[in-house]
Amino acid sequence: MNSYSKIATYYSKFSSLFFSKKDILRFIEKSFLDYGVKKDCKILDIGCADAKLLFLLKRRGFKKLYGIDISSKMIELALKRAILKGIKLYNLNFLNFTSRKKFDAALCTMDVVNHIPKKDVFDFFKNTNTILKKNGIFIFDINTKEYLQKLGKRKFIVKKFDEVLFRWKFNLISRYLKINFSVREKNGENVLEDVYQFIYDEEFIENTLKDCGFEVLKKVYDYRLPLKTKFLSKLCYVCKKI
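The structure contained in this document is the topic of the report that follows. Computed from a predicted model, the values in this text were never measured in an experiment.

## Some remarks on the side chain of Asp222
Part 1 of the reasoning: Residue placement: Asp222 occurs in the loop between β10 (214-221) and β11 (234-241).
Part 2 of the reasoning: Within the structure, the side chain of Asp222 is placed 2.7 Å from the backbone nitrogen of Lys234, a separation counted as a polar contact.
Part 3 of the reasoning: In contact with Asp222, other than residues within four places in its own chain, are Phe231, Leu232, Ser233, Lys234 and Cys236.

## With respect to the nonpolar core
Buried together is how nonpolar side chains tend to be arranged in soluble globular proteins.
Part 1 of the reasoning: Phe14, Phe32 and Leu89 are the most contacted members of the largest nonpolar core, which has 54 residues in total.
Part 2 of the reasoning: Those residues in contact with Phe14 that sit more than four places away from it in its chain are Tyr4, Ile7, Phe166, Trp168 and Phe181.
Part 3 of the reasoning: Listed in part, the 31 residues of the second largest apolar core include Val112, Ile116, Ile142 and Tyr200.

## Comments concerning the sheet that holds strand β9 (residues 190-198)
In sheet architecture, strand pairing relies on hydrogen bonds along the backbone and comes in two forms, parallel and antiparallel.
Part 1 of the reasoning: Strands sit in the order β6-β7-β8-β9 across an open sheet of four strands; the sheet is antiparallel. Edge positions in the sheet fall to β6 (156-161) and β9, since each of these pairs with one other strand and no more. On average, each strand axis in the sheet is inclined to that of its neighbour by 15°, with strand direction left out of account.
Part 2 of the reasoning: Here helix α6 (residues 145-154) sits on the sheet and contacts β6, β7 (164-173), β8 (176-184) and β9; the angle it forms with β7, its principal contact strand, is near 110°.

Definitions and limits used
- Residues numbered from 1 in each chain as written.
- Predicted model: local features only at pLDDT ≥ 70, side-chain atom pairs only at ≥ 80, totals over all residues.
- Heavy atoms only, no water.
- Helix = DSSP H or I, 4+ residues; strand = E, 2+ residues; numbered from the N terminus.
- Polar contact = N/O pair within 3.5 Å; in protein donor to acceptor, adjacent residues only side chain to side chain.
- Contact = heavy atoms within 4.5 Å.
- Core = buried A, V, L, I, M, F, W, Y, C linked by side-chain atoms within 4.5 Å.
- Buried < 20%, exposed > 50% of the residue type's maximum accessible area, 1.4 Å probe, protein only.
- Pairing = 2+ DSSP bridges.
- Axes fitted to C-alpha atoms, helices over the stretch in contact; angles between N-to-C directions.

Okay, structure coming up:
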């Protein structure tokens, strides 16, 4: 799994380029309403990064919020505010996470699943099933195969935020996309980190979910579209532990 150890401090700046947190939050709240996840339910955000989604849920009145991330730097950035908000954070690889108390819902958004190598996907979904209560809800997304292949053909993206230059260089290698992420600060300092996005199709994901004891309740694209188009980037699932 990717740890984002070097680029964690820049995450909040560039993540808005690829994710609409408003769309994600709207989809999560609607799904919680539809499938009975109440404000006092226990919710775990897997791959919570800087915990921004948890802070948004806290503002919406959700009380029992937890987050886990493999990046010690991400957790460090979020920890002080999380403590003040009553949010519990874990700095762990989720594959090694255990909990005596079960959760009512688990979230795994912003393409966290694409960071998981294929050999670990079954164990990842299986552990998610294990930490959920019976009929617990699991909401997650993945970048689509078509979107990642399109990025591979594009080769690179360059953006500037607050006088800081961000560059993503893409290298498509069969079953995964290697992303060389670089930041050039105003003082000329460079920060570099390689990130890997593994490519999965819908059939593999859905078969693995079934094998791990999940039922797919809802599937949409880019958090709002019921039908697949060539312009979409994300496939979004709502599942139930059975």
